[in-house]
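Report on the structure
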Amino acid sequence: MTKTVAELIEQRFGVPSEAGRDAPATGELAAILSHRTHRRYTDQPIPEDLMQQLLAAGLSAPAKSDLQQVSIVRVENAGIRQAIAVLLPSMPWVAQAPRFLVVCGDSRRIRRVCELRGIPFANDHLDAFFNATTDAALVLQNLIRAAGAVGLGTCPISVIRNHAARVAELLSLPNWVFPLAGLCIGWPLREGYVSLRLPMSLTVHVDRYDDTNLATEIDNYDRRRNARHSIPETEWREVDRFGRPALYGWSADKARQVSVPERQDFGAFVRRQGFRLD
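All of the points below concern the structure found in this document. These figures come from a predicted structure and were not determined experimentally. Just so you know, the residues in each chain are numbered from 1, in the order the chain's sequence is written. Reporting in this predicted model follows two pLDDT cut-offs: at least 70 for local features of residues, and 80 or more for side-chain atom pairs to be given and counted; totals over whole chains, interfaces and linings ignore these cut-offs and use all residues. For the side-chain quantities, the full set of heavy atoms in the structure was used; hydrogens and water were omitted.

Once that is clear, we can look at the nonpolar core. Formed by 32 residues in total, the largest nonpolar core has its most connected members in Ile 84, Val 94, Phe 100, Val 102, Ile 157, Leu 171 and Cys 184. Secondary structure elements are defined from DSSP: runs of H or I of at least 4 residues count as helices, runs of E of at least 2 residues count as strands, and each element is numbered from the N terminus. Sorting the residues of this core by element identifies helix 4 (78–87), helix 5 (93–96), strand 2 (99–106), helix 7 (126–149), strand 3 (153–157), helix 8 (164–170), strand 4 (177–186) and helix 13 (266–272) as the ones contributing at least two each. Here this core takes four residues from helix 8, the largest share from any one element. Throughout, a contact is declared for two residues whenever any of their heavy atoms are within 4.5 Å. With residues up to four places along the chain from it excluded, the contact list for Leu 171 reads Val 73, Val 75, Ile 80, Ile 84 and Val 102. Throughout this description, the term nonpolar core refers to a set of buried Ala, Val, Leu, Ile, Met, Phe, Trp, Tyr and Cys residues connected via side-chain atoms within 4.5 Å. Categorising residues by exposure relies on relative accessible area from a 1.4 Å probe, with only protein chains included: less than 20% of the type maximum marks a residue as buried, more than 50% marks it as exposed, and the intermediate range marks it as partly exposed.

Encoded structure:
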């Protein structure tokens, strides 16, 4: 029996839904609702022709004011790929994926265009960085969707920003260009699973922001998520600091994750790349 969109929504959020009860789970909407991240890949290569299609689809994303402030670095050199992988020892898929890209925000190109046309660039402030980040994020998502559409699996690697300066050095990123995320691409070794998302009662607001029921909603979400995919005790974070709770759910894991300082040098790196963040 064909699944419905409502069933896919229930699978994604773990709560009953009447939305899409009469809609068959087909097409792009169903593919988005069924998205999985893949970190294990077969040895099957990705043909160059297909890579060109994926890149074209990725770069078909919306762009702020048509400025197109993104660049993609294809990491094809084995030495450079290995140097990046060494920075991320807990993520062996960075070295193992058939293809690895680094998606970059790029405010350099428009500044050079202004120079070419003899026109001043008058927006050297935080929004320049923010716009390039947004353009790069949209292209990253388009790449993920395009790969999924042809049966490929992907895993975005935001942790490269923990080593932004080194990655920029390895990729010869000039001023006003910065790494947003890496992207592993390959043919999935296994199906993977649908990651349970926070309920829309927490993330969708009508007319005004309201998190009055945050505590109850988070507790319920922790239990739903734990029932489907509990976090192995071997992966619990910061046990010496925070102990072993009766339920180690999503909220405990994420609170502990952000209790450890990360990327404290990222602002300095961005400024060294030439951005003013006023």
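There is more to say, and it comes next.
Before going further, it helps to examine the pattern of salt bridges. Salt bridge, as applied in this entry: a Lys or Arg side-chain nitrogen positioned within 4 Å of an Asp or Glu carboxyl oxygen. Under the counting rule described, the total for this entry stands at 17 salt bridges. Salt-bridge contacts for Arg 99 lead to Glu 48; the nearest nitrogen and oxygen are separated by 3.6 Å. Taken as a pair, Arg 99 in strand 2 and Glu 48 in helix 3 (residues 48–58) lie far apart in primary sequence, 51 residues in all. Ionic pairing is found between Arg 241 and Glu 238, a salt bridge with its closest N-O pair at 3.4 Å. When its relative accessible area of 30% is taken as the criterion, Glu 238 is described as partly exposed.

Looking now at helix 12 (residues 250–257). Regarding helix 12, the residues found buried are Ala 252, Asp 253 and Arg 256. One side of helix 12 carries all its buried residues, which in axial view fall inside an arc of 100°. Packing partners of the buried residues in helix 12 comprise helix 11 (239–242). This arc is built from the directions going out from the helix axis to the C-beta atoms.

All right, on to the layout of surface pockets then. A pocket, in this scheme, is an open set of points on a 1 Å grid over the protein atoms alone with protein on both sides within 12 Å along at least 5 of 7 lines, while a cavity is a set where a 1.4 Å probe fits but cannot get out; residues line either one if an atom lies within 4 Å of a point. Grid points are joined across faces, edges and corners, and a volume is the space filled by probe spheres set on the points. Its volume calculated, the second largest pocket comes out at about 240 Å³. What lines the second largest pocket is a set of 14 residues, among which Ser 34, Arg 36, His 38, Gly 148 and Leu 152 lie closest to the centre. Every element with two or more residues in the lining of the second largest pocket is listed here: helix 7 and strand 3. Here the lining of the second largest pocket is composed, by residue class, of four nonpolar, seven polar and three charged. Residues are grouped as follows: Ala, Val, Leu, Ile, Met, Phe, Trp, Tyr, Cys and Pro are nonpolar; Asp, Glu, Lys and Arg are charged; all remaining types, including Gly, are polar.

Turning next to the packing of helix 3 against helix 7. To obtain an axis, a line is fitted to C-alpha atoms, over the contacting stretch when the element is a helix, and the angle between two such axes runs from 0 to 180 degrees between their N-to-C directions. Two numbers describe how helix 3 lies on helix 7: the axes approach to 7 Å, and their chain directions differ by 135°. With respect to helix 7, the element helix 3 is oriented oblique. Handedness of the crossing formed by helix 3 with helix 7: right-handed. Residues Leu 54, Leu 55, Ala 57 and Gly 58 of helix 3 form the contact with helix 7, whose own contacting residues are Val 139, Asn 142, Leu 143, Ala 146 and Ala 147. Here the angle decides the label: under 35 degrees means roughly parallel, over 145 means roughly antiparallel, 65 to 115 means roughly perpendicular, and every other value means oblique. Here a crossing is taken to be left-handed if its near helix is turned anticlockwise relative to the far helix by less than a right angle, and right-handed if that turn runs clockwise.

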